[in-house]
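Here are the chains, one letter per residue:
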Amino acid sequence: MKANLNIEQALAFGENQLADLASELISPRVDVRHLLCSCLEVERSYLMTWPEKLLSPQQTTRFESMLKRRLNGEPVAYIVGHQGFWDLDLLVSSHTLIPRADTEILVELALELGSQAQQILDLGTGTGAIALALAKELPNAKVLGLDFFVEVITLANANANRNQISNVEFHQSDWFSILSSKDHDRFDLIVSNPPYIDADDPHLSQGDVRFEPTSALSAADQGYADLQLIIERSRLFLKPGAWLLLEHGFQQSEQVAERMQFAGFKNVSNHLDFGGNPRVTVGQFID
């Protein structure tokens, strides 16, 4: 990359560098703008307003480094260190999944079914995306996010501080392990986006996904192990009439619904993500 390029030239250079990544899922134009905004520490409107602004030598070097990482397949969110979800800006790291727009359908359903919820549990909270979105939209609720990894809990707490959300707590736990099944640990909503990809799925070694932690992506029993555990054990922690909401793979919707029904959940239904794929299954606990 030549020194003394302006913003317009840097954008063109970056798009050319990433042209081979172009696909239905990846837009070099969008990626390059994200990277350059992060490099320059500006909003996207700045790129349009000041196209003739020259990059400093340090900015040029940093932008080149970012492009190389993206060309190697590393997700943009990991390169810039944060990702938008709902109306939050969340720090991300290699310890967690990158929040995805399709998961927002789970948040929408939770708000619809639990508009009066007082106690909400988010299992496998990761960045805290789901828990924080619900806590922000339901300020009178107490939201608890659990995750197995201490590093993840540290990140989720940082995201709560970053977004100034106080009605949420994050704790380390192996799924339900720190909870008691007594009444004070019963919830109006339990939500989860658990690992659900088959460990032998070849997609785990392809594209952006190969940079994300396998522990947060794949599960035993052809991807059903954690889904099944949550379905079985959540009955101990739901109030009568409360709801369980699970994100899963599009090809798993019928099985998840059947497993919920077998476990005694009522009013079980599947819901589509923004791409039209079955993504979330909900069921109501009737004691």
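To keep things clear, this report deals only with the structure shown in the data block. Not measured: the values here are computed from a predicted model.

The rules behind each value
- Residues numbered from 1 in each chain as written.
- Predicted model: local features only at pLDDT ≥ 70, side-chain atom pairs only at ≥ 80, totals over all residues.
- Heavy atoms only, no water.
- Helix = DSSP H or I, 4+ residues; strand = E, 2+ residues; numbered from the N terminus.
- Buried < 20%, exposed > 50% of the residue type's maximum accessible area, 1.4 Å probe, protein only.
- Contact = heavy atoms within 4.5 Å.
- Phe/Tyr/Trp six-rings, centres within 6.5 Å; stacked < 30°, edge-to-face > 60°.
- Lys NZ or Arg CZ within 6 Å of the ring centre and 35° of its normal.
- Expected span 1.5 Å × (residues − 1).
- Arc of directions from axis to C-beta.
- Axes fitted to C-alpha atoms, helices over the stretch in contact; angles between N-to-C directions.
- Left-handed = near helix turned anticlockwise from the far one by under 90°.
- Nonpolar A, V, L, I, M, F, W, Y, C, P; charged D, E, K, R; others polar.
- Pairing = 2+ DSSP bridges.
- Right-handed = clockwise from strand over helix to strand, strands pointing away.
- Core = buried A, V, L, I, M, F, W, Y, C linked by side-chain atoms within 4.5 Å.

1. Notes on the environment of Leu18
Stage number 1. Along the polypeptide, Leu18 turns up in the loop between helix H1 (7-17) and helix H2 (28-40).
Stage number 2. Take Leu18: its relative accessible area is 1%, and that puts it in the buried class.
Stage number 3. Separated by 54 residues in sequence, Leu18 and Asn72 place their C-alpha atoms 9.8 Å apart.
Stage number 4. Beyond its immediate stretch of four places on either side in the chain, Leu18 contacts Pro28, Asp31, Val32, Leu67, Arg70 and Leu71.

2. Topic: the packing of aromatic side chains
Stage number 1. Throughout the structure, instances matching the rule amount to 3 aromatic pairs.
Stage number 2. Considering the side-chain rings of Tyr46 and Trp50, the 6.4 Å spacing of their centres and the 45 degrees angle between planes classify their relative orientation as tilted.
Stage number 3. For the pair Phe176 and Phe237, a centre-to-centre distance of 4.8 Å together with 10 degrees between the ring planes defines the contact as stacked. On the criterion of sequence distance, the pair formed by Phe176 in the loop between strand S5 (168-172) and strand S6 (187-192) and Phe237 in the loop between helix H9 (225-234) and strand S9 (238-247) is long-range, its members being 61 residues apart.
Stage number 4. Here Phe176 falls in the buried class, since its relative accessible area comes to 1%.
Stage number 5. Taking the relative accessible area as the measure of exposure, Phe237 reaches 1% and is therefore buried.
Stage number 6. In this structure, Arg259 packs its charged tip against the face of Tyr224, placed 4.3 Å from the ring centre.

3. Examining helix H8 (residues 150-162)
Stage number 1. Under the 1.5 Å per step criterion, the end-to-end length of H8 is 18 Å for 13 residues, consistent within 8% with the ideal 18 Å.
Stage number 2. Within H8, burial applies to Val152, Ile153, Leu155, Ala156, Asn159 and Ala160. Down the axis of H8, the buried side of the element spans an arc of 160 degrees, and every buried residue falls inside it. With respect to the buried face of H8, the exposed residues turned more than 90 degrees away are Val150, Thr154 and Asn161.
Stage number 3. For H8, the secondary structure elements touched by its buried residues are strand S2 (88-91), helix H7 (129-137), strand S4 (142-147) and S5.
Stage number 4. Positive backbone phi, at 55 degrees, marks Gln164, one or two positions downstream of H8.

4. Here we look at the environment of Ser166
Stage number 1. Along the chain, Ser166 turns up in the loop between H8 and S5.
Stage number 2. With relative accessibility at 73%, the residue Ser166 sits in the exposed group.
Stage number 3. C-alpha separation for the pair Ser166 and Pro139, spaced 27 residues apart in sequence, amounts to 8.7 Å.

5. A look at the packing of helix H6 (residues 104-113) against H7
Stage number 1. Put simply, H6 and H7 touch, their axes get as near as 10 Å, and they point 40 degrees apart. Handedness of the H6/H7 crossing: right-handed. Counted together, Leu106, Val107, Ala110 and Leu111 of H6 and Ile130, Ala133, Leu134 and Glu137 of H7 form the full contact between these two elements.
Stage number 2. Of the residues assigned to the contact of H6 with H7, the class counts are 7 nonpolar, no polar and 1 charged.

6. Points about the pairing of S4
Stage number 1. Judged by how many residues are buried, S4 sits mostly within the fold: 5 of 6 residues are covered.
Stage number 2. One ladder, built from 5 bridges, connects strand S3 (residues 119-123) with S4; its direction is parallel. Bridging across to S4, Ile120 finds its partner in Val143.
Stage number 3. Of the crossover connections in this fold, the one passing from S3 over H7 to the parallel S4 is right-handed.
Stage number 4. Sheet topology note: the S4/S5 ladder contains 5 bridges and is parallel. Paired with Leu146 across the bridge in S5 is His171.
Stage number 5. Between the parallel elements S4 and S5, the chain passes through H8 in a crossover that is right-handed.

7. Re unusual backbone geometry
Stage number 1. In this model, Trp175 sits at a positive phi of 55 degrees, which is unusual for a non-glycine residue.
Stage number 2. For Asn267, which is not glycine, the phi torsion reads 50 degrees and is therefore positive.
Stage number 3. Mapped onto the elements, Asn267 comes out in strand S10 (residues 266-272).

8. So, the nonpolar core
Stage number 1. Counting 33 residues, the largest nonpolar core has Ile120, Leu132, Leu134, Val168, Phe170 and Leu245 as its most contacted members.
Stage number 2. Secondary structure elements with two or more residues in this core: S2, H6, H7, H8, S5, S6, S9 and strand S11 (278-284).
Stage number 3. Of the residues forming this core, the biggest block, 7 residues, is contributed by H7.
Stage number 4. Those residues in contact with Ile120 that lie beyond four places of it in its chain are Leu134, Leu138, Ala141, Lys142, Val143, Leu144, Phe187 and Leu189.
Stage number 5. Trp175, Tyr224, Val256 and Ala257 belong to the second largest nonpolar core, which has 25 residues in total.

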